[in-house]
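Here is what each chain is made of, one letter per residue.
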Amino acid sequence: MEIVSLIIKSIILGIVEGVTEFLPVSSTGHIIIFGNLIGFNGANPKYVEMYTYVIQLGAILAVVILYWKKIKDSIVNFFPQKVGYEKSGFKFWFMIFIACIPGGILGVLLDDLADKYLFTPISVAITLFLGGIWMIYAERRFRNNRSKQQELNVTVRQAWIIGLFQCLAIIPGMSRSASTIIGGWVSGLSTVAAAEFSFFLAIPVMVGMSFLKLLKIGGISSLTFLEIISLAVGFLVSFIVALAVINKFISYLKKRPMRVFAIYRMAFAIIVLLAGAMGMFY
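Below is a summary of the structure that appears in this document. Since the model is a prediction, treat every value here as computed from it, not as a measurement.

### Things to note about the overall build of the chain
In step 1: Along the chain, the regular secondary structure elements total 13 helices and 0 strands.
In step 2: If you list the helices and strands of the chain from N to C, you get α-α-α-α-α-α-α-α-α-α-α-α-α.
In step 3: Projected onto the principal axes, the alpha-carbon positions of the chain cover approximately 60 × 40 × 35 Å.
In step 4: The burial tally for the chain puts 52% of its 282 residues in the buried class.
In step 5: In the chain, of all internal contacts separated by at least 6 residues, the share reaching a separation of at least 24 is 82%.
In step 6: Roughly 13200 Å² of accessible area belongs to the chain as shown, and the carbon and sulfur atoms make up 71% of that amount.
In step 7: Charge centroids of the chain, computed over 24 positive and 13 negative side chains, lie 11 Å from each other.

### Let's talk about the environment of Leu-130
In step 1: Along the chain, the position of Leu-130 falls in helix α8 (residues 121-142).
In step 2: Accessibility expressed as a relative area gives 51% for Leu-130, which makes it exposed.
In step 3: C-alpha separation for the pair Leu-130 and Ala-262, spaced 132 residues apart in sequence, amounts to 9.4 Å.

### Let's talk about the nonpolar core
In step 1: By size, the foremost hydrophobic cluster in this structure holds 67 residues, and its most contacted members are Phe-22, Phe-197, Phe-199, Phe-200, Leu-201 and Phe-249.
In step 2: Considering every element that reaches this core, the biggest residue donor is helix α11 (residues 191-217), with 13 residues.
In step 3: Aside from chain neighbours lying at most four places away, what touches Phe-200 is Tyr-67, Lys-70, Ile-71, Phe-92, Ile-96 and Leu-152.
In step 4: By size, the runner-up hydrophobic cluster in this structure holds 14 residues, among which are Phe-40, Tyr-51, Leu-214 and Leu-231.

Rules used throughout
Here, residues in each chain are numbered from 1, in the same order as that chain's written sequence. Local features in this predicted model are restricted to residues of pLDDT 70 or higher, and side-chain atom pairs are both shown and tallied only at a pLDDT of 80 or more, whereas totals for entire chains, interfaces and linings draw on every residue. With hydrogens and water set aside, each side-chain value is computed from the structure's full complement of heavy atoms. Only DSSP runs of H or I with at least four residues qualify as helices, and only runs of E with at least two residues qualify as strands; both kinds are numbered from the N terminus onward. With a 1.4 Å probe rolled over the protein chains alone, any residue whose accessible area is under 20% of its type maximum counts as buried; one over 50% counts as exposed, and the rest are partly exposed. Here a residue-residue contact requires only that any non-hydrogen atoms of the pair lie within 4.5 Å. Accessible surface is estimated by sampling points in the Shrake-Rupley manner with a 1.4 Å probe; for residues, cover comes only from the protein chains shown. We score Asp and Glu as negative and Lys and Arg as positive, and we do not count His or the chain ends. Taken as the charge location is NZ of Lys, CZ of Arg, CG of Asp or CD of Glu. Definition of nonpolar core: a set of buried residues of the types Ala, Val, Leu, Ile, Met, Phe, Trp, Tyr and Cys, connected through side-chain atoms within 4.5 Å.

See the structure below:
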């Protein structure tokens, strides 16, 4: 019965992850909240933190599948001598690399502090609420700065700005997607271009974070059989759900503002805070 219970919980969290990974609502925050509600845990105290990041690789794999043509073209046309610097894969991945630098440094330095003090439903709810207010302000403030060009063509300056904003995602509940999209707005990208850059940026970022979490727990070999099964189920479910969500999210962004996600964040945060006041979290 234990394995059935764990699989059901992993399916629930995989759905939560797949739906929220690329929306500006914080997938990590949602997994922390729902994981606490359903009593999800492992034999190793660090397992839940590691699981929270590793199953996100399932959603990242969905990006690789859906954007495979872009990724393949960037590899085929990697060298500038073939197509010129602006259209080369070298430029594309170099911009991704630049955007990874700030978060990579701060992530390593502050990861333990975030895990110790911020991996709680209440702290996540507070961050969700404040982040929602910030999103509304940012969309109003920087809306006129944004280019109408939907094509993904990022400069060094834009990549660096987006990378700095991504550092905020170290705080569970802030949302890596929201932070990088707002960073894109500030730097002058359209919402769609900022969202797509966020998708590609997630590939090295989440692989790196997952590797860091696995190292801290002692590697795959330190996991129990049930924990490995749970991880595999969460990964697979998040992959399948994310496949369905990504294109719908991009289609939504082409027509509508981000405000609805900010309102959802604040409403959900209030519900979580009320639930916490009623003693529903442990």
